[in-house]
Amino acid sequence: MKTLVLSDIHANKFALKAVIQDAGPCDRIVFLGDLANFGPHPSQCVDILKKLNPICIMGNHDEQIVSENPRNFWDKWSRQQLSDSQLRWMSEFDNSYVLDGHILLVHGSYSVEYDILPNTLDKDIKTAFKHLLTPEIDHVWFGHYHYQVDRVIDGVEYHCIRPVGHHRDKDTCASYYIYENGILTQKRVKYELSKTIED
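Note that the coordinates shown come from a computational prediction; the quantities given were computed from them, not determined experimentally. (Residues numbered from 1 in each chain as written. Predicted model: local features only at pLDDT ≥ 70, side-chain atom pairs only at ≥ 80, totals over all residues. Heavy atoms only, no water.)

Peer 1: I would appreciate a short explanation of the sheet that holds strand 10 (residues 183-189) in the present structure.
Peer 2: Sheet strands associate in pairs through backbone hydrogen bonding, adopting either a parallel or an antiparallel arrangement. The 5 strands lie next to each other as 3-2-1-9-10, forming an open sheet whose pairing is mixed. Here the strands that pair on one side only, and so sit at the sheet edges, are strand 3 (55-56) and strand 10. As paired strands, strand 2 (residues 28-31) and strand 3 are joined by 2 bridges and run parallel to one another. Opposite Val-30, over in strand 3, you have Ile-55 as the bridge partner. Helix 1 (residues 13-23) rests against strand 1 (3-6), strand 9 (174-180) and strand 10 of the sheet, and its axis sits at about 35° to strand 9. (Pairing = 2+ DSSP bridges. Helix = DSSP H or I, 4+ residues; strand = E, 2+ residues; numbered from the N terminus. Contact = heavy atoms within 4.5 Å. Axes fitted to C-alpha atoms, helices over the stretch in contact; angles between N-to-C directions.)

Peer 1: Mind showing me how you'd approach the sheet that holds strand 4 (residues 96-99) here?
Peer 2: A sheet is described by the order of its strands in space; here 5 strands give the open sequence 4-5-6-8-7, paired in mixed fashion. For this open sheet the edge positions go to strand 4 and strand 7 (149-153), each flanked by a neighbour on one side alone. For this sheet, the mean inter-axis angle between neighbouring strands, taken without regard to orientation, is 15°. Relative to strand 7, helix 6 (residues 122-129) is tilted by about 85°, and along the sheet it contacts strand 5 (103-106), strand 6 (139-142), strand 7 and strand 8 (156-160).

Here's what the structure looks like:
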């Protein structure tokens, strides 16, 4: 089974379309949260992703957008771009999900005040997610922090999924991951960044 794994689209339709096209046909799609803010295309990105029937995790910005009183300007603006039916669909995102009985899907860890970055210590990554682990979990996939992080700690694989549409490293490519035959592989693809900036 070929699984497409996405995170942090952030209302960037050009990046989203690029990764979908590059990935090709997939058996299922996982989205790890933050769909419709910080970018110019909230409504279009909701429509594109919804048609793919993905497993969706609630991101911190998704949670704000579907609330009646978003805290910041971007979340308020993004909410205004969405229809009631789009907001209802987003409100049904899961807070967490266990894939194939052993892969924990979450947006991030809200139990600690620090970010998970490439230089974060193993013990701090373990502490951030320990309250979510059960004996059957041997993989944790998450987004939120916008940097690629891949660690194996005490037999558990932790993967911070690099964003589709809102990057914080020097590479402007959109990212996606393919999970197939028990292996998670990152892919990067160029997209029309200039058009996103223009919009």
